[in-house]
Amino acid sequence: MAPIRLVWLALAIWGAIHPMYWFVTYMRETGTGLSGLIDAWYVNASTTGLTWDLTIAAVTLTVWVLVECIGRRHWLGLIAIPATFCIGVSCGLPLYLFLRRPS
């Protein structure tokens, strides 16, 4: 396995664990669950802008994954889509780069 693929895998793991730690910590501290977490994403203009920034990046990544996976018939790469929307772009992007076959 090429060293860069190991970097992508390490980043995908980090991108899954690190943000989730903070999300779970917030939900435990506030006791509001997922709905409270989502409400916090829109608490001010700064967090709303960041939320939209990540949403647009997630949609862009999804389109890219779909185009490449359908064109190359590489269905395993589609795993990056639920990883992106259930965990975040910080996991979905490096995961896709790890799973991606070179052209």
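Residues numbered from 1 in each chain as written. Predicted model: local features only at pLDDT ≥ 70, side-chain atom pairs only at ≥ 80, totals over all residues. Heavy atoms only, no water.

### Considering the confidence of the model for the protein chain
Low pLDDT marks stretches whose predicted atomic positions should not be read closely.
Now for step 1: The share of residues in the protein chain with pLDDT of 70 or more is 99%, and the mean pLDDT across the chain is 96.
Now for step 2: Per-element confidence in the protein chain is highest for helix α5 (residues 89-99), whose mean pLDDT is 98, and lowest for helix α2 (residues 33-40), whose mean pLDDT is 94. (pLDDT = per-residue confidence, 0-100. Helix = DSSP H or I, 4+ residues; strand = E, 2+ residues; numbered from the N terminus.)

### Quick notes on the packing of helix α3 (residues 45-72) against α5
Now for step 1: Two numbers describe how α3 lies on α5: the axes approach to 10 Å, and their chain directions differ by 20°. The angle between α3 and α5 falls in the class roughly parallel. Between α3 and α5 lies a crossing of left-handed hand. Facing Leu54, Ala57, Ala58, Leu61, Trp64, Val65, Glu68 and Cys69 of α3, the residues of α5 in contact are Val89, Gly92, Leu93, Tyr96 and Leu97.
Now for step 2: Of the residues assigned to the contact of α3 with α5, the class counts are 11 nonpolar, 1 polar and 1 charged. (Axes fitted to C-alpha atoms, helices over the stretch in contact; angles between N-to-C directions. Parallel < 35°, antiparallel > 145°, perpendicular 65-115°, else oblique. Left-handed = near helix turned anticlockwise from the far one by under 90°. Contact = heavy atoms within 4.5 Å. Nonpolar A, V, L, I, M, F, W, Y, C, P; charged D, E, K, R; others polar.)

### Here we look at unusual backbone geometry
Now for step 1: Positioned with a positive phi, Arg73 is a non-glycine residue whose angle comes to about 55°.
Now for step 2: Mapped onto the secondary structure, Arg73 falls in the loop between α3 and α4 (80-86).
Now for step 3: Residue classification places Arg73 among the exposed positions, given a relative accessible area of 62%. (Buried < 20%, exposed > 50% of the residue type's maximum accessible area, 1.4 Å probe, protein only.)

### With respect to the nonpolar core
Now for step 1: Among the nonpolar cores identified, the biggest contains 7 residues, and these are Ala12, Ala16, Ala83, Cys91, Leu95, Phe98 and Leu99.
Now for step 2: Residue assignment for this core shows that the elements contributing at least two residues are α1 (3-30) and α5.
Now for step 3: Per-element accounting of this core gives the leading share, 4 residues, to α5.
Now for step 4: Look past the residues within four positions of Ala12 in its chain and what remains in contact with it is Ser90, Cys91, Pro94 and Leu95. (Core = buried A, V, L, I, M, F, W, Y, C linked by side-chain atoms within 4.5 Å.)

### Focus: the state of the cysteines
Now for step 1: In total, this model carries 0 disulfides according to the counting rule given.
Now for step 2: As a non-bridged cysteine, Cys69 has Cys91 as the owner of its nearest cysteine sulfur, 15 Å distant.
Now for step 3: Cys69 gets classed as buried once you look at its relative accessible area, which sits at 0%.
Now for step 4: Cys86 takes part in no disulfide bond, and the closest cysteine sulfur, belonging to Cys91, lies 9.9 Å away.
Now for step 5: Look at Cys86 and you get exposed, because its relative accessible area is 60%. (Disulfide = S-S within 2.5 Å.)

### A look at the layout of surface pockets
Now for step 1: There is about 730 Å³ of room inside the largest pocket.
Now for step 2: Contributing to the lining of the largest pocket are 23 residues, with Phe23, Trp41, Leu54, Ile87 and Gly88 lying nearest its centre.
Now for step 3: Elements represented by at least two residues in the lining of the largest pocket include exactly α1, α2, α3, α4 and α5.
Now for step 4: In terms of residue count, α3 provides more of the lining of the largest pocket than any other element does, 6 residues in total. (1 Å grid on protein atoms, 1.4 Å probe; cavity = no way out; pocket = protein on both sides within 12 Å on 5 of 7 lines; lining within 4 Å. Points joined across faces, edges and corners; volume = space filled by probe spheres on them.)

### Digging into the pattern of salt bridges
Now for step 1: For the structure on display, the rule yields 2 salt bridges.
Now for step 2: Between Glu68 and Arg72 there is a salt bridge whose closest N-O contact spans 3.8 Å. In this pair, Glu68 and Arg72 both sit in helix α3, 4 residues apart, roughly one turn of the helix.
Now for step 3: Judged by relative accessible area, which is 12%, Glu68 ranks as buried. (Salt bridge = Lys/Arg side-chain N within 4 Å of Asp/Glu carboxyl O.)

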